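# Topology and contacts: notes
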Amino acid sequence: MSAEKRMDLERLKTLIRDVPDFPKKGIMFKDITPLLKDGSALRFACDQLAAGFKGKQIDQVVGIESRGFIFSPVLAYRMSAGFVPVRKKGKLPSAKETVSYSLEYGEDTLEVHRDAITKGTHVLIVDDLLATGGTAEAVVRLVEKLGGTVVGLAFLVELKFLKGRERLKNYQIHSLIQY
Ligand code: AMP
């Protein structure tokens, strides 16, 4: 049996490393780099993320900076879709649409080029991890502001106890590893 066949979701989960108190005290950071450096795990994860939207029309995959950029272009390639980066404030050079959202302390701002998504475009949103859902919800707002249709959202990891899914209940959510 090939290494790829032997890979499954249980083994994928063993490749996520818990790092306590990063980036600040009280946060259990889910470090995905052990999974990323394993060829068969990385391939399996990308294939499984794409499988959640098999048969759906996806024109563009929107990736959320920074770790969303690891998976989104791979999914775009697999789906023959375009890739659109949603970036942190001040990084995009051309005319942009902006959304601000609340964090635990304070606010953050995300941006997308105004001409990146056009009316009626079918969009898949991708990030590494769904926690409270605040980031993903802000990106949904950004995509819809530009007239895009959100087909669904894909995450490698979901922290279910933070109930991010409840904020996104009108959308298809696909996550591979849950805590
Ligand atoms: P949220 O807006 O609360 O859903 O947070 C999601 C964003 O924060 C994602 O872009 C994640 O990469 C990052 N994030 C939140 N919590 C964690 C965590 N425990 N470990 C790793 N990344 C996290």
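A few points on the structure. (Residues numbered from 1 in each chain as written. Predicted model: local features only at pLDDT ≥ 70, side-chain atom pairs only at ≥ 80, totals over all residues. Heavy atoms only, no water.)

The subject of this paragraph is the nonpolar core. Leu 12, Leu 35, Ile 58, Val 61, Met 79, Leu 124 and Leu 156 are the most contacted members of the largest nonpolar core, which totals 29 residues. Elements that contribute at least two residues to this core include exactly α4 (39-51), α5 (68-78), β7 (122-130), β8 (149-158) and β9 (172-178). Not counting chain neighbours up to four residues away, the residues in contact with Leu 124 comprise Phe 53, Ile 58, Gln 60, Val 61, Val 62, Leu 75, Met 79, Gly 152, Leu 153 and Ala 154. Judged by nonpolar contacts, the second largest core, of 25 residues, contains Val 140, Leu 146, Leu 153 and Ile 173. (Core = buried A, V, L, I, M, F, W, Y, C linked by side-chain atoms within 4.5 Å. Buried < 20%, exposed > 50% of the residue type's maximum accessible area, 1.4 Å probe, protein only. Helix = DSSP H or I, 4+ residues; strand = E, 2+ residues; numbered from the N terminus. Contact = heavy atoms within 4.5 Å.)

Going through the model one piece at a time under the given rule, you end up with 12 salt bridges. Of the charged contacts in the structure, one is a salt bridge between Asp 38 and Arg 11, with a shortest N-O distance of 3.4 Å. Of this pair, Asp 38 sits in the loop between α3 (33-36) and α4 while Arg 11 sits in helix α2 (residues 9-14), placing them 27 residues apart in sequence. With a relative accessible area of 34%, Arg 11 lands in the partly exposed category. Among the salt bridges present, the one from Glu 137 reaches Arg 167, with a minimum N-O distance of 3.0 Å. A residue pair is termed long-range when its members are at least 10 positions apart, and Glu 137 in helix α6 (residues 134-145) and Arg 167 in helix α7 (residues 164-167) qualify at 30 residues. The exposure class of Arg 167 is partly exposed, given its relative accessible area of 41%. Several salt bridges share partner residues, and in doing so they unite Arg 43, Asp 47 and Arg 78 into one network. (Salt bridge = Lys/Arg side-chain N within 4 Å of Asp/Glu carboxyl O.)

With that settled, the discussion passes to the layout of surface pockets. Empty space within the largest pocket amounts to approximately 1100 Å³. Lining the largest pocket are 35 residues; nearest its centre among them are Arg 67, Leu 103, Leu 129, Ala 131 and Thr 135. Looking at the lining of the largest pocket, the elements that each hand over two or more residues are β2 (28-31), β5 (96-102), β6 (107-113), β7 and α6. Broken down by element, the residue count for the lining of the largest pocket peaks at four residues, all from β7. (1 Å grid on protein atoms, 1.4 Å probe; cavity = no way out; pocket = protein on both sides within 12 Å on 5 of 7 lines; lining within 4 Å. Points joined across faces, edges and corners; volume = space filled by probe spheres on them.)

Right, let's get into the site of the ligand. For the ligand, the set of nearby residues contains 13 residues, the closest of which are Asp 127, Asp 128, Thr 132, Gly 133 and Thr 135. A distance of 3.0 Å separates an oxygen atom of the ligand from a polar backbone atom of Ala 131. Within the backbone of Gly 134, one N or O atom sits 3.4 Å away from an oxygen atom of the ligand. Out of a free accessible area of 480 Å², the ligand has 80% covered by protein chains. The cavity that encloses the ligand is the largest pocket. (Near = heavy atom within 4 Å. Polar contact = N/O pair within 3.5 Å; in protein donor to acceptor, adjacent residues only side chain to side chain. Areas by Shrake-Rupley, 256 points an atom, 1.4 Å probe, with all protein chains shown as cover. Sits in = over half its atoms within 2 Å of the grid points.)

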